[in-house]
Amino acid sequence: MKKRFWAILLGAILVFSLLPATALAVPTETVENEKTFSFAAGKTTQADIDNALGAGAIELTSAEVGGETVYTIKLLKNITMAAGRDFRINEYNVGMSLPAVVLDLNGCTILSQSIGLITGGKLTIKDSAGGGGITYSTTSDKSSLVAISNNGELTIEGGTFTAQAGYAFTGYVAAVSTGASATCHIKGGKFVSNSSAVLSTGETTVSGGTFEAPYGMYAKSADGVPGTITIPADSTAVVNATSFAFVIQRDSKKQVDGKIIAEGAAYTAPNTVGGVGKPDTANDVSIAGGIYSAAPTGFTGEAAVAKIEKADGSGSKYAVGKASIEKAAADLAEGDIVTVQSGSVDLSNLPEKVQVKNDGSGIVTANGHSYEGADKQTENTNFA
């Protein structure tokens, strides 16, 4: 009997040790029907927070970083705002001079039928526990708002941000919206919307994250100043858009367009570029790198472009820029076809029987063999 008892006990310990930590975690509590809450760094105290949201909803701490005090507000419970109410951190009418803040979602959520979060000053959003996020969701068919309205200097490192508007008015609804004169750096996280994943009237940089929306990246101008979105070459962002990967909008009064510069990341969308208000998309959308499911024709300038066709029937894609083409070539297999449409490209370590075409005017080198442009190309080449 003793042997059997110890065998059962050890077995139970083994089973529990294999379970993920989240499976054993106590379900997070939720504070409901909250009024608008505004946090001002250096002014709002733990007592203020407890009076507004109840004890145990948020933990406030501070630390010296680079000679400056940084305040961290860590969510301990889910927060559901009352109708028409929102959560605010160093909001725009407080000013830009307040100390920096870190919002740690800590696996918890903020849910609002209005704007989920209004920000100002310097704010970093992270999600140390995973599974946390900010959601704007409404059943009203007249509401067009955002999950995050950024009016300061915002950095997003993690979390899920969702905007489900009752009326997905183009150019207004977004998972994260950056206003004029504000900046946003998205390093990670998931952004979901029934309109735009990212909306920028200020300056937005996207170096990581996953984006799911009809319009992936949307830039527009305000008062004659173009909003910009920049996706750097080393960006690991993944954009899944059901209409357009990029959209720019023209300010009809000032005749100024938003601008998008894409040097990296991966985009799956039926169309690469769209415009609202008849903008000059050819001039104000620049694609120098990245991998696209739709042809980025007319937006790549002098960048090399290659079409990749997979023999396994998974479809084709377009790689723009030397780094992206080399990255795509690393995943090639027997029977795949690489058609270089423009530029000079050097492909090495190609698998056996990958077909290479050169339809451009540059020089394509594949496994040490060089082939001139289309005017000198007479047949496809198989590399064994």
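Whatever comes next refers back to the structure up there.
Below is a summary of the structure that appears in this document. (Residues numbered from 1 in each chain as written. Predicted model: local features only at pLDDT ≥ 70, side-chain atom pairs only at ≥ 80, totals over all residues. Heavy atoms only, no water.)

1. Quick word on the pattern of salt bridges
Reasoning step 1: In the structure shown here, the tally under the stated rule is 7 salt bridges.
Reasoning step 2: Here D86 makes a salt bridge to R88, at a shortest N to O gap of 2.6 Å.
Reasoning step 3: Put simply, D86, R88 and E91 are held in one network by salt bridges that share partners. (Salt bridge = Lys/Arg side-chain N within 4 Å of Asp/Glu carboxyl O.)

2. Some thoughts on the sheet that holds strand β33 (residues 345-347)
Reasoning step 1: The mixed open sheet is built from 3 strands, whose spatial order is β33-β35-β36. Strands at the two margins of the open sheet, each flanked by one partner only, are β33 and β36 (369-371). In this sheet, neighbouring strand axes are inclined to one another by 15 degrees on average, regardless of whether the strands run parallel or antiparallel. (Pairing = 2+ DSSP bridges. Helix = DSSP H or I, 4+ residues; strand = E, 2+ residues; numbered from the N terminus. Axes fitted to C-alpha atoms, helices over the stretch in contact; angles between N-to-C directions.)

3. As for the layout of surface pockets
Reasoning step 1: The space that makes up the largest pocket amounts to roughly 370 Å³.
Reasoning step 2: For the largest pocket, the lining is made up of 21 residues, of which G171, Y172, L199, T201 and K220 are closest to its centre.
Reasoning step 3: Listed by contribution, the elements that provide at least two residues to the lining of the largest pocket are β12 (146-150), β15 (174-178) and β20 (210-222).
Reasoning step 4: Considering every element that reaches the lining of the largest pocket, the biggest residue donor is β20, with 4 residues. (1 Å grid on protein atoms, 1.4 Å probe; cavity = no way out; pocket = protein on both sides within 12 Å on 5 of 7 lines; lining within 4 Å. Points joined across faces, edges and corners; volume = space filled by probe spheres on them.)

4. What to know about the sheet that holds strand β13 (residues 153-156)
Reasoning step 1: The strand order across the open sheet formed by 10 strands is β3-β4-β7-β10-β13-β16-β19-β22-β25-β28, and the pairing between neighbours is mixed. Looking at which strands have only one partner, the edges of the open sheet turn out to be β3 (58-65) and β28 (285-287). Geometrically, the sheet is characterised by an average inter-axis angle of 10 degrees between neighbouring strands, direction not taken into account.
Reasoning step 2: Note that strand β7 (residues 101-104) and strand β10 (residues 122-126) share 4 bridges and pair parallel. If you follow L103 over to β10, its bridge partner there is I125.

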